[in-house]
Amino acid sequence: MTGAPEDDDLFDHAPAAYVVLDRADGHIVRANQAFSSLVRRPLDEVLTCTLPRLLSVAGRIYFDTHLMPMLYLNGRVDEVALDVVTAEGERVPVLVNANRDATGVRVVMFGASERRRYETDLLRSTRAAEAARQAAVELARTLQQTLIPPVPPRIPRLEISAAYRPAGAGDEVGGDFYDVFNVAPSVWTVVLGDVLGKGVRAAAVTSFIRHTVRDLAMQLADPAELLHALDRALRAHDTDKFCTVVLLRLTESSDGWVVEGASGGHPLPLLVTADGRVSEVGTPGSLIGILDHPHYTTFTHRLGADELVTLYTDGVTEARRGRELFGDRALRELLRTASAQPASVSQAVADAVVDYQGGVPSDDIAVLTLRPAPC
């Protein structure tokens with residue numbers, strides 16, 4: 001099977017391995033020098049072989065069960081990955097292009113060692129990246145478990161309910177958090193906030209903020225002063241994160257609970273009165289950890305026996321369904337109608353927001369509700 005001299009020269013000195021097979025049994029009837037070099041066998045030995053004999057075991061099986069049937073069905077195959085075996089037994093990865101006609105089967109092979117190495121390295125890197133991502137998720141989840149109490153503590157003569165729902169499928173930790181803790185006899189601090197971002201870094205900053213608030217609350221009784229101190233601590237911390245926080249200090253007296261509070265860039269608490277009115281309580285304040293001269297203002301409110309206070313993150317009101325927000329109006333209506341069952345208010349709000357988004361919230365949701373316990 002020869003052609004013009006220039007054709008023979010092109011065949012013999014082609015930069016790719018080139019063989020011609022007998023159409024009947026895959027016997028090599030012609031091969032060029034590049035193929036001889038690839039399998040590290042002299043040409044006269046190559047011409048005594050069938051191509052499958054020079055392939056790995058898996059390659060032989062694939063050649064017989066897939067490659068040849070595809071050639072007879074389609075007339076050609078492109079970029080089939082096989083391994084040829086050298087005289088020394090070394091496997092060399094190749095990419096195979098082939099076609100057939102009435103005279104035989106023509107096969108061109110390109111060495112694919114670098115490509116195989118690249119694919120192996122890419123697979124290894126992908127697996128390493130996935131393992132690192134899983135480790136980061138687990139670390140963030142572990143941190144999150146310290147930031148979100150499973151249930152608020154039991155406080156005599158005060159009812160508290162809380163709910164938390166992470167964004168998406170729940171496999172990425174966000175920056176929402178809440179905490180409720182005792183600072184003195186009959187004095188409790190309630191804090192709810194939202195740190196910018198998600199993942200390990202946000203969770204680490206959230207942990208820093210939570211523990212800093214606990215420390216400051218033992219030293220500073222005034223909520224506005226505490227937020228000023230928290231702002232200074234966060235700006236001195238080595239992070240580019242900032243947060244919003246709303247903080248309440250609840251003190252029990254002989255005639256009920258007195259609430260003192262302040263907001264740092266966070267939605268103000270909502271107060272639900274006995275007649276169903278819902279209103280904000282307090283004064284807006286600056287974000288925590290971002291301004292040189294922030295401002296925070298303490299408010300005071302004596303909590304009525306039938307009044308209820310709800311704290312929430314912006315994952316509630318900014319929840320979207322298409323272009324529509326859940327919004328402040330829907331939240332207020334929900335609180336107005338749910339106020340008769342304070343123990344379930346927080347969960348009812350979280351469930352309503354998740355349902356509004358078709359079961360997959362786009363942002364974290366944290367809600368905390370409190371009211372005096374019936375005597």
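Here, the structure is the one placed above.
This one's a predicted model, so the numbers in the text were calculated from it and none came from an experiment.

Cut-offs and rules
- Residues numbered from 1 in each chain as written.
- Predicted model: local features only at pLDDT ≥ 70, side-chain atom pairs only at ≥ 80, totals over all residues.
- Heavy atoms only, no water.
- Helix = DSSP H or I, 4+ residues; strand = E, 2+ residues; numbered from the N terminus.
- Buried < 20%, exposed > 50% of the residue type's maximum accessible area, 1.4 Å probe, protein only.
- Contact = heavy atoms within 4.5 Å.
- Phe/Tyr/Trp six-rings, centres within 6.5 Å; stacked < 30°, edge-to-face > 60°.
- Lys NZ or Arg CZ within 6 Å of the ring centre and 35° of its normal.
- Pairing = 2+ DSSP bridges.
- Axes fitted to C-alpha atoms, helices over the stretch in contact; angles between N-to-C directions.
- Expected span 1.5 Å × (residues − 1).
- Bend = angle between axes of the 7 residues up to and from the residue.
- Arc of directions from axis to C-beta.
- Core = buried A, V, L, I, M, F, W, Y, C linked by side-chain atoms within 4.5 Å.

Caption draft 1: Layout of the overall build of the protein. A count of helical and extended segments in the protein gives 10 helices and 17 strands. Out of the 375 residues belonging to the protein, those deemed buried represent 46%. Within the protein, counting contacts between residues at least 6 apart in sequence, those at least 24 apart form 59% of the total.

Caption draft 2: How the structure looks around the packing of aromatic side chains. Per the stated rule, a full pass over the model turns up two aromatic pairs. Note on Phe11 and Tyr18: the rings are 4.5 Å apart at their centroids and 45 degrees apart in plane angle, and the pair reads as tilted. Here the aromatic rings of Phe326 and Tyr356 are separated by 5.3 Å at their centres, their planes lie at 80 degrees, and the arrangement is edge-to-face. Taken as a pair, Phe326 in the loop between strand 16 (324-325) and helix 9 (327-338) and Tyr356 in helix 10 (residues 345-356) lie far apart in primary sequence, 30 residues in all. Exposure remark for Tyr356: the relative accessible area of 13% places this residue in the buried category. Over the aromatic face of Phe11 sits the side chain of Arg30, whose NZ or CZ is 3.9 Å from the ring centroid.

Caption draft 3: Molecular detail of the sheet that holds strand 14 (residues 308-312). Reading across the sheet, the five strands line up as 6-17-14-11-12 and stay open at both edges, with antiparallel pairing between neighbours. The strands lining the two open edges of the sheet, one partner per strand, are strand 6 (158-165) and strand 12 (278-280). Across the sheet, the mean angle from the axis of one strand to that of its neighbour is 20 degrees, orientation sign disregarded. Taken together, the eight bridges between strand 6 and strand 17 (residues 365-372) define a ladder with antiparallel strand orientation. By the bridge assignment for strand 17, Arg165 is matched with Ile365. Together, strand 6, strand 14 and strand 17 form the strand contacts of helix 10, whose direction differs from that of strand 17 by roughly 150 degrees.

Caption draft 4: Layout of the side chain of Thr273. Along the chain, Thr273 turns up in the loop between strand 11 (270-272) and strand 12. The exposure class of Thr273 is buried, given its relative accessible area of 12%. Those residues in contact with Thr273 that lie beyond four places of it in its chain are Asp306 and Glu307.

Caption draft 5: How the structure looks around the pairing of strand 5 (residues 104-111). Taken together, the five bridges between strand 1 (residues 17-21) and strand 5 define a ladder with antiparallel strand orientation. Bridge pairing in strand 5 links Val19 to Val107. Where strand 4 (residues 91-101) and strand 5 come together, eight bridges link them in antiparallel fashion. Following the sheet pairing, Asn97 is matched in strand 5 by Val108. Here strand 4 folds back onto strand 5, and the loop between the two strands holds two residues.

Caption draft 6: Summary view of helix 4 (residues 57-74). In this model, helix 4 (18 residues) spans 25 Å end to end at C-alpha, consistent with the 26 Å of a helix rising 1.5 Å per residue. A maximum bend of about 50 degrees is found in helix 4 at Phe63. For helix 4, the complete set of buried residues consists of Gly59, Phe63, Leu67, Met68 and Leu71. Buried positions along helix 4 lie against strand 1, strand 3 (76-85), strand 4 and strand 5.

Caption draft 7: Structural detail: helix 9. Taking 1.5 Å of rise per residue, the 12 residues of helix 9 would be expected to cover 16 Å, and the 17 Å separating its terminal C-alpha atoms lies within 8% of that figure. Of all the residues in helix 9, the buried ones are Gly327, Leu331, Leu335 and Ala338. Down the axis of helix 9, the smallest arc covering the buried residues is 115 degrees, so these residues share one side. Among the exposed residues of helix 9, those pointing more than 90 degrees away from its buried face are Arg329 and Thr337.

Caption draft 8: Molecular detail of the sheet that holds strand 8 (residues 187-195). An order of 7-8-9-10-13 is seen for the five strands of this open sheet, with the pairing classed as antiparallel. The open sheet terminates on both sides in strands that have one partner only, identified here as strand 7 (176-184) and strand 13 (299-303). Pairwise comparison of adjacent strand axes, ignoring direction, gives a mean angle of 20 degrees for this sheet. The pairing of strand 7 with strand 8 spans eight bridges and is classified as antiparallel. When the sheet's bridge partners are listed, Tyr178 is paired in strand 8 with Leu192. Those strands touched by helix 6 (residues 199-217) are strand 7, strand 8 and strand 9 (243-253), and its axis lies near 20 degrees from that of strand 7.

Caption draft 9: Representation of the environment of Leu270 within the structure. Following the sequence through the fold, Leu270 ends up in strand 11. For Leu270, a relative accessible area of 0% gives the class buried. Each C-alpha atom of the pair Leu270 and Val309 lies 5.6 Å from the other, and the pair is 39 residues apart in sequence. Contact partners of Leu270, with chain neighbours within four places excluded, come to Val278, Ser279, Glu280, Leu308, Val309, Thr310, Tyr312, Leu331, Arg332 and Leu335.

Caption draft 10: Quick look at the nonpolar core. In this structure, Ile28, Phe35, Leu67, Val107 and Met109 are the most contacted members of the largest nonpolar core, which totals 28 residues. Secondary structure elements with two or more residues in this core: strand 1, strand 2 (28-31), helix 2 (33-39), helix 4, strand 3, strand 4 and strand 5. The contact partners of Leu67, leaving out residues within four places of it in the chain, are Tyr62, Val77, Val80, Leu82 and Val96. Counting 23 residues, the second-largest nonpolar core is a separate cluster that includes Ala217, Leu226, Leu234 and Ile288.

Keep in mind these numbers describe shape, not what the thing actually does.
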